[in-house]
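Residue-level listing of the chains:
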Amino acid sequence: NFTFRGQAGEVFFGKIRNAIDATLTRGSPSILAPTRSSEFRQQLEMGQDLFNIASGNLSLTLGPTLNGRRQLPEQDFTKRRGYLTEAVRALETALLLEPESREARFYLGACFCDEALARYDEGLSYLRELASSSAEDKWSAKAISAVGWFYSRRDEREAARWFNEAASRTTNAEAAASYRRQARESSAFGAEEQHALQGTKAAPRTGQFSNSGSLMN
């Protein structure tokens, strides 16, 4: 506690300001930092939970599924969009608190690439940024895979390129083999699509893919 006595004026108020600044300087490391850290973690976990609810708790480490592109029933598509919108709000708050968080960036990319939001440019921007980062960690690996799955429904040649990149990055032999297999399949589908553009009807594809799946652990 501080007690100040004196005539009001610049010198008197200067002493008060100096005392407050000194107190904040001493107190901020032990008081402000934990609060910021805990708020970041709370917002990040909230965003992840909401994303999981929106996707029917579908793990981001899964590959394509045969159950369709969304886990919630068709009539719940609006609800899905609501969950994702709230997830984005939480994740963006987390990113404001920790601007370097790669985990928050990855989940934002996953949310934006979901059909319910369809903010694909923003989502791919986050994922490509992680994928091209010099810091090769699990988030860059997941991002490379997620971009591959994104393009697997849109541009098979681009998908094959990303799957081959994922195969070259991983040290997991089983995952690498799976990525190469998916790259070959994507290349084959790409050839069919190119053949169709030239006037020959390509064989229809079966099955659909999850929004931002990844085989990387």
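Residues numbered from 1 in each chain as written. Predicted model: local features only at pLDDT ≥ 70, side-chain atom pairs only at ≥ 80, totals over all residues. Heavy atoms only, no water.

> How should I be thinking about the overall build of the chain in this particular structure?
When helices and strands are counted, the chain shows seven helices and zero strands. The secondary structure elements of the chain, listed N-terminal to C-terminal, are α-α-α-α-α-α-α. The buried share among the 217 residues of the chain stands at 43%. Of all intrachain contacts in the chain linking residues separated by at least 6 positions in sequence, the fraction that spans at least 24 positions is 62%. (Helix = DSSP H or I, 4+ residues; strand = E, 2+ residues; numbered from the N terminus. Buried < 20%, exposed > 50% of the residue type's maximum accessible area, 1.4 Å probe, protein only. Contact = heavy atoms within 4.5 Å.)

> Can you help me understand the nonpolar core in this one?
A general feature of soluble globular proteins is that nonpolar side chains tend to end up buried together. With 45 residues, the main nonpolar core has Leu84, Phe106, Leu108, Cys111, Leu127 and Tyr151 as its most contacted residues. Where this core is concerned, the elements lending two or more residues are α1 (10-54), α2 (77-97), α3 (102-113), α4 (120-131), α5 (138-151), α6 (156-169) and α7 (173-197). (Core = buried A, V, L, I, M, F, W, Y, C linked by side-chain atoms within 4.5 Å.)

> Whenever I open this one, the confidence of the model for the chain confuses me. Can you help?
Detailed reading of the predicted model is not advised wherever pLDDT is low. Per-residue confidence for the chain gives a mean pLDDT of 77; residues scoring 70 or more make up 63%. Across residues 61-70, confidence stays below pLDDT 50; counting only partners more than four residues off in sequence or on other chains, it has 33 contacts. (pLDDT = per-residue confidence, 0-100.)

> For this particular structure, what's the right way to read α6?
Note that an α-helix has 3.6 residues per turn; residues three or four places apart therefore point the same way. Look at α6: 20 Å from first C-alpha to last across 14 residues, which is about the 20 Å you get at 1.5 Å a residue. Turning to α6, its buried residues are Glu156, Glu158, Ala159, Ala160, Trp162, Phe163, Ala166 and Ala167. (Expected span 1.5 Å × (residues − 1).)

> For this particular structure, what's the right way to read the pattern of salt bridges?
Where charged atoms from two side chains of opposite charge come close, those side chains can pair. The full count for this structure, using the stated rule, is nine salt bridges. Across the pair glutamate 129 and arginine 105 runs a salt bridge, and its minimum N-O distance is 3.3 Å. Placement of the pair is glutamate 129 in helix α4 and arginine 105 in helix α3, with a sequence separation of 24 residues. Of the residues examined, glutamate 129 reaches a relative accessible area of 39% and is grouped as partly exposed. The class for arginine 105 is buried, based on a relative accessible area of 17%. Across the pair glutamate 158 and arginine 161 runs a salt bridge whose closest N-O atoms are separated by 2.9 Å. Highlighted residues: glutamate 158 and arginine 161, both in helix α6, separated by three residues, approximately one helical turn. Residue class for arginine 161 comes out partly exposed when judged on its relative accessible area of 46%. Via salt bridges that share partners, Arg128, Glu158 and Arg161 belong to a single interconnected network. (Salt bridge = Lys/Arg side-chain N within 4 Å of Asp/Glu carboxyl O.)

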